[in-house]
There are 2 protein chains.
Amino acid sequence: MRTASPKAPSESNLNTHLANSGLRLTPQRQRVHEVLREKMDHPTADQVFLRAKDKMPEISMATVYNCLDALVQCGLVRQVTLDRGATRYCPNMQDHSHFYCDNCGSVYDILQTISPEEADIKIPRGFRLDNIETNLHGLCPDCAAKAK
Amino acid sequence: MRTASPKAPSESNLNTHLANSGLRLTPQRQRVHEVLREKMDHPTADQVFLRAKDKMPEISMATVYNCLDALVQCGLVRQVTLDRGATRYCPNMQDHSHFYCDNCGSVYDILQTISPEEADIKIPRGFRLDNIETNLHGLCPDCAAKAK
DNA sequence: GCCTTGATTTAGAATAATTCTAAATCTTGA
DNA sequence: TCAAGATTTAGAATTATTCTAAATCAAGGC
Ligand SMILES: [Mn+2]
Ligand SMILES: [Mn+2]
Ligand SMILES: [Zn+2]
Ligand SMILES: [Zn+2]
């Protein structure tokens with residue numbers, strides 16, 4: 001009997017998180033997560049689908065949505081909704097906020113957040129505050145240059 | 001010749017803002033804004049449409065979208081996107097943030113924000129930061145009570 | 001190993017949300 | 001009064017997401 005093949009750290013991490021939510025590690029979920037890590041430009045479900053197909057031509061759109069939902073559910077991916085368009089996905093689970101270019105729609109990670117404590121937000125009695133989402137709006141370097 | 005009829009402050013405010021953006025004050029735009037002020041529960045375009053129809057049965061969905069866009073453009077209404085569902089609209093132009101119940105989807109105004117200064121956000125060179133959007137996630141009183 | 005059971009994937013249909021188009025209507029200002 | 005442009009409208013078109021039911025897959029019991 002062969003010993004279990006050593007797993008890449010990201011894969012075992014993936015498996016752990018999925019297992020904790022009662023979900024299985026499947027090639028599709030692996031591929032979707034890989035796509036997100038390859039280019040962290042906060043793609044939409046549709047973009048993930050197109051990129052995932054390169055190495056897995058038989059994957060379907062429904063599966064991409066399923067996988068994204070599974071990854072979000074088990075805490076490996078964040079959903080990012082910034083405008084009226086399609087939802088975007090982010091595999092960076094470090095505490096961070098998003099800079100959104102209101103002109104071209106590009107999204108950047110900003111490795112800085114505002115904690116509930118330092119924000120000193122006072123919410124009315126009865127509410128339960130779980131986390132604070134911060135979105136920075138403005139212009140990306142390209143658009144800012146053109147705007148002058 | 002009659003003197004101009006005195007306008008309600010909200011109407012003249014509406015007109016001023018629209019005019020500043022080169023837009024006209026129309027009954028439909030007035031009605032849409034009124035609907036938003038009547039019940040500040042952050043309705044979707046569809047909900048605005050249904051409510052607007054009560055007093056203006058001939059208004060169309062396209063017009064509701066047009067009016068909402070016009071009001072957003074001239075700074076009288078804020079767009080609020082919090083999840084994968086439809087965009088919501090808010091006529092409260094005071095600086096405030098939104099509490100979103102991740103369970104039932106209800107939205108509440110929280111009259112407190114984090115200014116770019118006190119947040120002390122450091123954005124990379126070249127970016128132009130215009131404003132910070134803060135969304136508080138958690139459970140509303142009803143859902144928090146049931147969650148126990 | 002073989003079978004049962006439940007999880008997952010899949011294609012495609014269905015639905016929801018938004019945008020587009022072109023014609024009709026309204027407003028403004030010459 | 002008229003021309004030009006803005007706005008509204010219905011409905012088509014598009015985009016985004018969810019649903020459905022059948023096929024496939026994987027794990028655990030025997
Ligand atoms: Mn991110
Ligand atoms: Mn609000
Ligand atoms: Zn940009
Ligand atoms: Zn709730």
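The rules behind each value
Residues numbered from 1 in each chain as written. Chains lettered and ligands numbered in written order. Predicted model: local features only at pLDDT ≥ 70, side-chain atom pairs only at ≥ 80, totals over all residues. Heavy atoms only, no water. Near = heavy atom within 4 Å. Polar contact = N/O pair within 3.5 Å; in protein donor to acceptor, adjacent residues only side chain to side chain. Helix = DSSP H or I, 4+ residues; strand = E, 2+ residues; numbered from the N terminus. Nonpolar A, V, L, I, M, F, W, Y, C, P; charged D, E, K, R; others polar. Least-squares fit on C-alpha atoms with pLDDT ≥ 70 in both. Contact = heavy atoms within 4.5 Å. Donors = N, O, S within 2.8 Å, 3.2 Å for Na, K, Ca; no water. Buried < 20%, exposed > 50% of the residue type's maximum accessible area, 1.4 Å probe, protein only.

Trainee: Outline the protein's contact with DNA strand C, supporting the account with residue identities and numerical values.
Mentor: For DNA strand C, the set of nearby residues contains 17 residues, the closest of which are Thr26, Arg29, Thr63 and Arg84 of chain A together with Tyr65 of chain B. When the atoms of DNA strand C within 4 Å of the protein are grouped by moiety, sugar and phosphate amount to 79% of the total. Contacts to DNA strand C include Arg29 of chain A, whose side-chain N or O atom sits 2.9 Å from a phosphate oxygen. Measuring from a phosphate oxygen of DNA strand C, one finds a backbone N or O atom of Ser60 of chain A at 3.5 Å. Among the secondary structure elements, those contributing two or more residues to the surface near DNA strand C are helix H2 (27-38) and helix H4 (61-73) of chain A together with helix H4 (61-73) of chain B. It is H4 of chain A that contributes the most residues to the surface near DNA strand C, three residues altogether. Residue composition of the surface near DNA strand C, grouped by class: six nonpolar, six polar and five charged.

Trainee: Can you break down the relation of the copies chain B and chain A residue by residue, with the values?
Mentor: The operation relating chain B to chain A is a screw motion whose rotation component is 180°, with 0.0 Å of axial translation and a residual RMSD of 0.1 Å. Both chain copies can therefore be described as sitting about a two-fold axis. In terms of C-alpha distance to the rotation axis, chain B has Thr134 of chain B as its closest residue, with the C-alpha 2.4 Å off the axis. Mapped onto chain A, 100% of the interface residues of chain B again fall at the interface, so both copies present the same surface.

Trainee: Give a description of the coordination of the manganese ion (ligand 1) that names residues and reports values.
Mentor: Residue and element names in this part refer to chain A. Around the manganese ion (ligand 1), the protein supplies His42 (NE2), Cys90 (SG), His96 (NE2), His98 (NE2) and Asp109 (OD) as donor atoms, at distances of 2.1 to 2.4 Å. Between consecutive donors of the manganese ion (ligand 1), the numbers of intervening residues give the motif H-x47-C-x5-H-x1-H-x10-D. With a gap of eleven residues between them, His98 in strand S3 (residues 97-101) and Asp109 in strand S4 (residues 107-110) connect regions that are remote in the sequence. Take His98: its relative accessible area is 1%, and that puts it in the buried class. According to the relative accessible area criterion, Asp109 is partly exposed, its value standing at 22%.

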